[in-house]
Amino acid sequence: MLLVIDNLSHSFGGLAALTNISIVVPEHQLLGIIGPNGSGKTTLFNLITGMYRASSGSIRLKGQELVGRAPAAITRMAVARTFQNIRLFKTLSVLDNVRIARYGKAACGPFDTLFRTGRFLKEEGLIIDQAMELLTLFELDRYVEAPAGSLPYGQQRQLEFARALATDPVLLLLDEPAAGMNPYEVGKLNEQLQWVAKRFALTIILIEHHMGLVMEVCQRVVVLDFGVVIAEGTPEEVRNDPRVIDVYLGKGS
Amino acid sequence: MSKGFFLPLVSVLLVSHLITAYGLLDSYVQLVLMYVGINIILSVSLNLINGYMGEFSVGHAGFMAIGAYTSAILTVRMFPDALAPWLFPIAVVAAGVVTAIVGALLAIPSFKTRGDYLAIVTLAFGMIVKSVLENMDSLGAARGFLGISKYTNLTWVVFWAMAAVWMVRNFIYSSFGRGVLSVREDEIAASAAGVNTRQVKLFAFTLSSFFAGVAGALYAHLLMFINPKMFDLTKSTEMLIMVYLGGIGSIGGSIVGAMIYTVLLELLRPLGIWRMVLMPIMLVLLMILRPRGIMGLSEFRWLIPSVGVSSKGAKIVQDDAVGD
Ligand SMILES: Nc1ncnc2c1ncn2[C@@H]1O[C@H](COP(=O)(O)OP(=O)(O)OP(=O)(O)O)[C@@H](O)[C@H]1O
Ligand SMILES: [Mg+2]
């Protein structure tokens, strides 16, 4: 098992955002997480990535506890994420946005950096190559020097995706990547998710309101409601689960 | 070292050495040039915090004071008189190192606080340094520290100004530097991208204070006299003026800002006390007419390392001499 979430709970003051969540994710799975607004999906991502410290319970990646670690340390353990509301470094260039994500992989210390040694230049060249490769893959290579904030919305999502991949993740958390996309773009995202997962040998957890996408892409789906897992199974099973239809699908989402 | 930097560096150093050795320039002009150089070191290093990191430090004069006093203690009290002129470079480096250690400590509050709160911390820091110095009788207290020899010359100032520009630029165009920029843009996204935010803040504060300490050491051995009042809030404000005049987030801006400010201050000397009124008025005007400063976030081409992306976008140029 790649990720084992065990009895995880989190509350904000008096509000219980998540209660005794247990989810197990095997390697190379695409797991979908669905649930109504405010059901705790994003909170789960924030706990896994160390943005919040879980009130109780544990999150283990390959046996190593994540709870209590700093976000950057968790990223270095090969967990990457995108944000529900895109968070790019808006005034920095597209290239820099991706290069920054190589921070945890850079081996040069203060000395090599300040004196710009041969070793440093070599590493810089490598970082540029890696960043350009990703940008080309995501068809963003035309924009390398443009400020990230100047890109159209769809490209900003792509850039955030590329930035997440630049950290060399094994586990990728995507928070509503299809939000604001038209059906054509959702179709493209669908294809992209599948080949990216293969090419980078990723395990993906996908939060998504777009049911069509979840049903097609994910091998397994977890349904949250008021911070509790109310159903879990294959897309087929979940779709036909009366509780799910009641709390979620039934509400016309 | 990149080819683009090495040649100008050596030739400028050579010229300043000839000027120093043979008195090729009027000594007053030399003095102004030295002020310019020291102010470049101060504004470039302050820009690291206020421009690139996006914080607002108003305690830079405190760092300068620590460097000034550390170096003065070394050359006046610790080094044997006969060797002091030769050991001066060591005193300057030591002043930088001691200041850098204090700067690293001041980075700790920046882990938790940002913006206004951190500005208050740096303000308090500057006041603490000044009042500690005012109360240390062994360092001359408010009367000041006397008997410092004039070891600073144009060659040293030029050397350190170039070192500051070169190293701060090397820092900015590196993983650490991009980390600093990412923290300024969005600290949460930065940490999610794997940036060790504490590490970059620590590095930025340490580097910035190192050079402020160096500037203090050069200043002390140029004036041959220092007292705590020289390093009060007015001094920090002067540095802020240079940084914002030139443009935040631009090394070139800091160089230009320091030059213009220092030279103008000298030209306006006949106005006496009125120049201290005129300067702030000019700054206010500049902020209204050109809010981003003279350079406004842009950079001189020669300061941008050639490991980068060509203007066409897709092709990568890498002119720097790489080992393989
Ligand atoms: N930082 C916070 N402080 C206080 N309450 C919070 C915080 N973050 C989330 N919450 C609350 O926790 C609950 C779960 O929020 P969360 O953002 O995880 O929902 P979600 O499932 O992602 O919803 P959506 O589909 O709208 O994105 C909500 O009631 C929300 O108001
Ligand atoms: Mg959410």
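About the criteria used
- Residues numbered from 1 in each chain as written.
- Chains lettered and ligands numbered in written order.
- Predicted model: local features only at pLDDT ≥ 70, side-chain atom pairs only at ≥ 80, totals over all residues.
- Heavy atoms only, no water.
- Pairing = 2+ DSSP bridges.
- Helix = DSSP H or I, 4+ residues; strand = E, 2+ residues; numbered from the N terminus.
- Contact = heavy atoms within 4.5 Å.
- Axes fitted to C-alpha atoms, helices over the stretch in contact; angles between N-to-C directions.
- Near = heavy atom within 4 Å.
- Polar contact = N/O pair within 3.5 Å; in protein donor to acceptor, adjacent residues only side chain to side chain.
- Areas by Shrake-Rupley, 256 points an atom, 1.4 Å probe, with all protein chains shown as cover.
- Donors = N, O, S within 2.8 Å, 3.2 Å for Na, K, Ca; no water.
- Buried < 20%, exposed > 50% of the residue type's maximum accessible area, 1.4 Å probe, protein only.
- Buried area = accessible area lost by both parts, 1.4 Å probe.
- Salt bridge = Lys/Arg side-chain N within 4 Å of Asp/Glu carboxyl O.
- Parallel < 35°, antiparallel > 145°, perpendicular 65-115°, else oblique.
- Nonpolar A, V, L, I, M, F, W, Y, C, P; charged D, E, K, R; others polar.
- Core = buried A, V, L, I, M, F, W, Y, C linked by side-chain atoms within 4.5 Å.
- pLDDT = per-residue confidence, 0-100.

**A look at the sheet that holds strand β5 (residues 64–65) of chain A**
Residues and elements named next belong to chain A.
- Reading across the sheet, the 4 strands line up as β2-β1-β4-β5 and stay open at both edges, with antiparallel pairing between neighbours. The strands lining the two open edges of the sheet, one partner per strand, are β2 (15–25) and β5.
- Inspection of the sheet shows strand β4 (residues 56–61) paired to β5 by 2 bridges, in the antiparallel sense. The partner of R60 across the bridge, within β5, is E65.
- Against the sheet, helix α1 (residues 41–48) makes contact with β1 (3–12), β2 and β4, and its axis sits at roughly 115° relative to β1, the strand it touches most.

**Overview of the site of ligand 1**
Residues and elements named next belong to chain A.
- In the vicinity of ligand 1 lie 15 residues, with G38, K41, T42, T43 and Q84 positioned nearest.
- With respect to ligand 1, the side chain of T43 contributes an N or O atom lying 2.5 Å from an oxygen atom.
- With respect to ligand 1, the side chain of Y52 contributes an N or O atom lying 3.0 Å from a nitrogen atom.
- Here ligand 1, which alone exposes 620 Å², has 64% of that area covered by the protein.
- Those elements that place two or more of their residues in the shell around ligand 1 are β2 and α1.

**A few points about the coordination of the magnesium ion (ligand 2)**
Residues and elements named next belong to chain A.
- Only T42 (OG1) and Q84 (OE1) from the protein coordinate the magnesium ion (ligand 2), and they sit 1.9 to 2.1 Å from it. On the criterion of sequence distance, the pair formed by T42 in helix α1 and Q84 in the loop between β6 (79–81) and α3 (94–100) is long-range, its members being 42 residues apart.
- Judged by relative accessible area, which is 26%, T42 ranks as partly exposed.

**Describing the sheet that holds β6 of chain A**
All names here are of chain A.
- Pairing within the open sheet is mixed, and its 6 strands lie in the order β6-β7-β8-β3-β9-β10. Edge strands, defined here as strands with exactly one partner in the open sheet, are β6 and β10 (228–233). Recorded for the sheet is a direction-independent mean angle of 20° between the axes of neighbouring strands.
- Across 4 bridges, strand β3 (residues 30–34) lies against strand β9 (residues 220–225) in parallel orientation. Each residue of the ladder has a partner; that of I34, found in β9, is V223.

**Observations regarding the interface of chain A and chain B**
- Facing the 40 residues of chain A at the interface are 44 residues of chain B.
- For the pairing of chain A and chain B, the buried interface totals around 3,500 Å² over both sides, and the portion due to carbon and sulfur atoms is 65%.
- Looking only at chain A, the three residues that lose the most surface to chain B are Y103, L114 and R116 of chain A, adding up to 24% of its buried area.
- One salt bridge in this structure joins R178 of chain B and E124 of chain A, with 3.0 Å as the shortest N-O distance.
- Inspection of the chain A/chain B interface yields 9 residue pairs in polar contact (both at pLDDT 80 or more).

**Re the packing of helix α2 (residues 27–52) of chain B against helix α10 (residues 233–246) of chain B**
Residues and elements named next belong to chain B.
- Two elements in contact, α2 and α10, have axes whose closest approach is 9 Å; the angle formed by their N-to-C orientations is 75°. By the angle class used here, α2 and α10 are roughly perpendicular. In contact with N39, L42, S43, L46, N47 and N50 of α2, α10 contributes M239, L240, M242, V243 and Y244.
- Among the residues forming the contact of α2 with α10, the class breakdown is 7 nonpolar, 4 polar and no charged.

**A word on the nonpolar core**
- Ranked by internal contacts, the top residues of the largest apolar core, which has 156 residues, are F171, I226 and F231 of chain B.
- The biggest single contributor to this core is helix α9 (residues 197–223) of chain B, with 15 residues.
- If sequence neighbours within four positions are ignored, I226 of chain B has contacts with A68, Y69, A72, G144, F145, I148, A220 and F231 of chain B.
- Judged by nonpolar contacts, the second largest core, of 28 residues, contains L8, V25, I59 and L61 of chain A.

**Side note on the confidence of the model for chain B**
All names here are of chain B.
- In this model, chain B carries an average pLDDT of 87, and 93% of its residues clear a pLDDT of 70 or more.
- Considering only residues more than four positions removed or in separate chains, one finds that residues 308–324, a stretch of pLDDT under 50, has 36 contacts.
- Both scores are given for the predicted complex: the pTM is 0.90, the ipTM 0.93.

**What about unusual backbone geometry?**
- Despite not being glycine, A201 of chain A has its phi angle at roughly 50°, a positive value.
- Tracing the chain through its elements places A201 of chain A in the loop between α7 (183–199) and β8 (203–207).
- On the accessibility criterion, A201 of chain A (39% relative accessible area) is partly exposed.
- In this structure, A141 of chain B takes a positive phi of about 45° despite not being glycine.
- Among the structural elements, A141 of chain B can be located in the loop between α5 (115–134) and α6 (154–172).
- Taking the relative accessible area as the measure of exposure, A141 of chain B reaches 7% and is therefore buried.

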